[in-house]
Amino acid sequence: MNQLVEVLKFYKEIGAGFIETRTPDPLGDIEEINRLIMTCTRCSLHKTKKNYVPGEGRMRPDILFVGEGPGETEDNFGKPFIGNAGQLLDRVIERMGYRREDIYIANIVKCRPPGNREPSRDEADACLPYLIRQIEILKPKVIVCLGRSAMNFLLNSEYSIMEKRGQLFDFKGIPLIPTFHPSYILHQKTKEATSKAKWEMWEDMQKVLQLIGKN
Ligand code: URA
């Protein structure tokens, strides 16, 4: 119960949880939330990270991509998806007709989990209010969750990505589509498996474009 009260207090402090509460200066808001992230000590990941990775992109993007958490390269530079997985994501974004700066990219946790392990439930719970607030401020047209853990942490579910990829969910009134994490594609062992996974991700992205009205 005490923990719940603490969590609710934190949501209130950062203004998250009330999607209809808008301020007239959304850019100011996103900078403010990203500044809060840069001093966060809500879980122990801040002790081992090199840099906070709040996320980046534009306001009111057509698409918000959500990954699991920063990897080594992202941790070194403080930017999301700039390693190998990021380069593949860049190609997907380009093929969808966007540039990286046209959309927004963020993660469930803003600090790198040591050794790139999956964030724990507690770490994700500690960090999620930031992402929720980012979503409220950014107002993306569509949210794309990259991989199982981003999908399950955001939807508070235990789904399989194989079953749910490409399906339409609702996150606080915003359409959400889960797809494969780019690392999953990069880790396929055969050319055939790689092509299949890429094609399936592309199918999912076409659904995203349809939702936006660009397909
Ligand atoms: N993988 C993620 O989930 N996020 C990043 O920012 C980079 C790699």
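Scroll up to find the structure.
Residues numbered from 1 in each chain as written. Predicted model: local features only at pLDDT ≥ 70, side-chain atom pairs only at ≥ 80, totals over all residues. Heavy atoms only, no water.

1. Looking at the site of the ligand
Moving on, step 1. Around the ligand, the neighbouring residues are Gly-67, Glu-68, Gly-69, Pro-70, Glu-74, Pro-80, Phe-81, Asn-107 and His-181.
Moving on, step 2. One of the backbone N or O atoms of Glu-68 is found 2.8 Å from an oxygen atom in the ligand.
Moving on, step 3. Interatomic distance of 2.9 Å between a side-chain N/O atom of His-181 and an oxygen atom of the ligand.
Moving on, step 4. Coverage of the ligand by the protein chains reaches 92% of its 240 Å² of free accessible surface. (Near = heavy atom within 4 Å. Polar contact = N/O pair within 3.5 Å; in protein donor to acceptor, adjacent residues only side chain to side chain. Areas by Shrake-Rupley, 256 points an atom, 1.4 Å probe, with all protein chains shown as cover.)

2. Brief notes about helix α5 (residues 84-95)
Moving on, step 1. Between the first and last C-alpha of α5 there are 17 Å, a value that for 12 residues agrees with the 16 Å anticipated at 1.5 Å per step.
Moving on, step 2. In the core, the buried residues of α5 are packed alongside β2 (63-67), β3 (104-107), β4 (142-146), α9 (182-186) and α10 (191-212).
Moving on, step 3. Positive backbone phi, approximately 95°, marks Gly-97, located one or two places after α5. (Helix = DSSP H or I, 4+ residues; strand = E, 2+ residues; numbered from the N terminus. Expected span 1.5 Å × (residues − 1). Contact = heavy atoms within 4.5 Å.)

3. A few points about the packing of α5 against α10
Moving on, step 1. It is the contact of α5 with α10, at a shortest axis distance of 11 Å, that shows an interaxial angle of 45°. In terms of their interaxial angle, α5 and α10 are classed as oblique. By crossing handedness, the relation of α5 to α10 is classed as right-handed. Taking contact as the criterion, the partners of Leu-88, Val-92 and Arg-95 in α5 are, on α10, Lys-198, Met-201, Trp-202 and Met-205.
Moving on, step 2. A class-by-class count of the residues in the contact of α5 with α10 yields five nonpolar, no polar and two charged. (Axes fitted to C-alpha atoms, helices over the stretch in contact; angles between N-to-C directions. Parallel < 35°, antiparallel > 145°, perpendicular 65-115°, else oblique. Left-handed = near helix turned anticlockwise from the far one by under 90°. Nonpolar A, V, L, I, M, F, W, Y, C, P; charged D, E, K, R; others polar.)

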